[in-house]
Amino acid sequence: MGVEVSVEGLTKSFGSQRIWKDVSLTLPSGEVSALLGPSGTGKSVFLKSLIGLLRPEEGSIVIDGTDIMQCSSKELYEIRKLFGVLFQDGALFGSMNLYDNVAFPLREHTKKPESDIRTIVMSKLELVGLIGAEDKLPGEISGGMRKRAGLARALVLDPEIILVDEPDSGLDPVRTTYISQTLIDINAEIDATVLIVSHNINLARTVPDNIGMLFRRELVMFGPREVLLTSDEPVVRQFLNGTMIGPIGMSEEKDEAQMAHEQALVDSGHHAGGVEDVEGIVPQMQATPGMPVRQAVARRQERVRSILYALPEAAQYAILQSLDADQYDSAQYTDAYSGSDASTEVIAR
Ligand SMILES: Nc1ncnc2c1ncn2[C@@H]1O[C@H](COP(=O)(O)OP(=O)(O)OP(=O)(O)O)[C@@H](O)[C@H]1O
């Protein structure tokens, strides 16, 4: 099972530019989490901080018992071996074919013979659906194939934590769904802890077990998917529906006057863009039939049961709906609704 990543009070600035402050969250072991947020809110900076490529000025990042903010560079080197990272463009070497690109970390970091390397590389290429394309150069294949090759390379050292930066960027909706399915299948197969950074609404609605969102230099929320997907927070609703009406603006956050002006335009008949209000929760994607059972599902059910009372009412209801009726008698929890605090905005992390 993948390891837990626990972030506490993390703050990052570049010079006088504050990116985010006091970010605390825990990526549960072996579950798939997604970090959403408008462009420029520092999602990639967060991801790079987790692997120690950027250094926040405050806070802790505890991975497998080691705080990488405090540890030695030798310890950080060891911790990094737990990670597989898919950068936005796949970050492949342009002069190497896909086989050599995927084999690269094995040749660099292990002493495995070429016969073992071949077995591993081919199995990862098969997992991402690239068998037959081993001899192609990155420049000869589509963006979607480059991403899948980058994913295969991120997997060869059997990572316990997989970080994925915008798997959907540059892909059409269908290819985005295919790569989403691949991520779920990988989680089923190797039970790694996964963090996906994205602003793709479909992916956010269907892939992760847990969702967080960055906005205005803060983590607005982080928790089971049902919390964000049922949230009434204006910024969350606007983001999920992709409309212009709400606190998120084109280049920076809007002020009250701008919001009032836009609302007046819409009130007088102007289209606010985006999709119709999508209410409720669409089912989460499952591992492809024939793949191993995704262990995260049962673990997560146990986990959300234990924090159910601390969640907003709508999220509690959605979670109860999603739990297997055979295993779970929701009637015994009905009383919990009346006692819960529906105005809770930030949930237990
Ligand atoms: N190495 C760096 N030095 C200085 N500023 C940086 C550095 N890396 C990122 N930034 C700044 O940090 C802010 C957040 O960038 P980041 O790429 O993390 O945003 P993001 O949420 O991932 O955006 P997008 O969704 O558009 O990819 C930006 O203003 C960016 O210019």
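As recorded in an unreviewed UniProt entry, the protein chain goes by the name ABC transporter ATP-binding protein, listed as coming from Rhodococcus artemisiae.

Caption draft 1: Fine view of the environment of Met145. Inspection of the secondary structure assignment puts Met145 in helix α5 (residues 143-155). For Met145 and Lys112, which are 33 residues apart along the polypeptide, the C-alpha to C-alpha distance reads 26 Å. Every residue in contact with Met145, bar those within four places of it in the chain, is listed here: Leu130 and Ala133.

Caption draft 2: Up close: the packing of helix α3 (residues 98-109) against α5. Following both chains from N to C, one finds α3 and α5 inclined at 30°, their axes separated by 7 Å at the closest point. One element, α3, and the other, α5, form an angle in the roughly parallel class. In terms of crossing hand, the pair formed by α3 and α5 is right-handed. Across from Leu98, Asn101, Val102, Phe104 and Pro105 in α3, the residues of α5 making contact are Ala149, Ala152 and Arg153. The residue makeup of the contact of α3 with α5, split by class, is six nonpolar, one polar and one charged.

Caption draft 3: Quick look at the site of the ligand. Around the ligand sit Phe14, Ile19, Gly37, Ser39, Gly40, Thr41, Gly42, Lys43, Ser44, Val45 and His199, and those are all the residues in its vicinity. In terms of residues, the shell around the ligand owes the most to one element, helix α1 (residues 43-50), which gives three residues. When its residues are assigned to classes, the shell around the ligand shows three nonpolar, seven polar and one charged.

Analysis parameters
Residues numbered from 1 in each chain as written. Predicted model: local features only at pLDDT ≥ 70, side-chain atom pairs only at ≥ 80, totals over all residues. Helix = DSSP H or I, 4+ residues; strand = E, 2+ residues; numbered from the N terminus. Contact = placed C-beta atoms within 7 Å. Axes fitted to C-alpha atoms, helices over the stretch in contact; angles between N-to-C directions. Parallel < 35°, antiparallel > 145°, perpendicular 65-115°, else oblique. Left-handed = near helix turned anticlockwise from the far one by under 90°. Nonpolar A, V, L, I, M, F, W, Y, C, P; charged D, E, K, R; others polar. Near = placed C-beta within 6 Å.

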